[in-house]
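A structural walkthrough
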Amino acid sequence: MYKLKFLTVLFCCILMITLTASSNDSAKISNTRKADAPLVLPSGFNSQVVTTDLGRARHIVIAANGDVFVKLEKLKDGKGIYRLHDSNGDGKPDQITGFGNYIGTGIAIKNGYLYAASNTGVFRYKLDETTGIVDETSVQKIITGLWDKKQHSSKSIALDNEGNI
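Below or above, wherever it landed, is the structure these notes cover.

The rules behind each value
- Residues numbered from 1 in each chain as written.
- Predicted model: local features only at pLDDT ≥ 70, side-chain atom pairs only at ≥ 80, totals over all residues.
- Heavy atoms only, no water.
- Helix = DSSP H or I, 4+ residues; strand = E, 2+ residues; numbered from the N terminus.
- Buried < 20%, exposed > 50% of the residue type's maximum accessible area, 1.4 Å probe, protein only.
- Contact = heavy atoms within 4.5 Å.
- Areas by Shrake-Rupley, 256 points an atom, 1.4 Å probe, with all protein chains shown as cover.

1. Structural notes on the overall build of the protein chain
- Helix and strand counts for the protein chain come out as 2 helices and 8 strands.
- Written out in order from the N terminus, the α and β elements of the protein chain read α-α-β-β-β-β-β-β-β-β.
- Buried positions account for 34% of the 165 residues belonging to the protein chain.
- Residue pairs in contact within the protein chain that sit at least 24 positions apart in sequence constitute 46% of those at least 6 positions apart.
- When the accessible surface of the protein chain is split by element, carbon and sulfur atoms take 51% of a total near 10100 Å².

In structure tokens, the structure reads:
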């Protein structure tokens, strides 16, 4: 189980690196496509591009069932959070669904909830961690009034075991 979680975290890190490659990176990569850029991994590990058309990812989190939740820098089709679900285990998401009509950075999972930050507050959604399904109707804005100064306005979040955010 530990190895599976480690591989899932590694997979998400690779996904985040792939999704957040910027135009400045292309100068460093020269004529190599971003998706083909060399990635050095320890022996026994491999990498795979799982999606390329979400936009720039800011943060990612993984549910207990392996679903990947991606918080985007900009809205895609009016959504700022995307769930990538791989139902057949081939390493590629066959269900990609979006929700949350706000931009921001932070995203976390704790005690059956998915938390997501906008530039002015924090929301939480009820999450079934065994299926990865988010109840969008359960959304609660739990923090309000954060400043959005338009530059470096994103809000990262972390949750502890004492109920603090």
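2. A closer look at unusual backbone geometry
- Positive phi, close to 55°, is recorded for D77, a residue that is not glycine.
- Relative to the helices and strands, D77 is located in the loop between β2 (68-76) and β3 (79-85).
- Take D77: its relative accessible area is 66%, and that puts it in the exposed class.
- Not every positive phi belongs to a glycine, and N111 is a case in point at roughly 50°.
- Within the secondary structure, N111 is located in the loop between β5 (107-110) and β6 (113-117).
- On the basis of relative accessible area, N111 is assigned to the exposed category, the value being 66%.

Just geometry here; none of it tells us what the structure is for.
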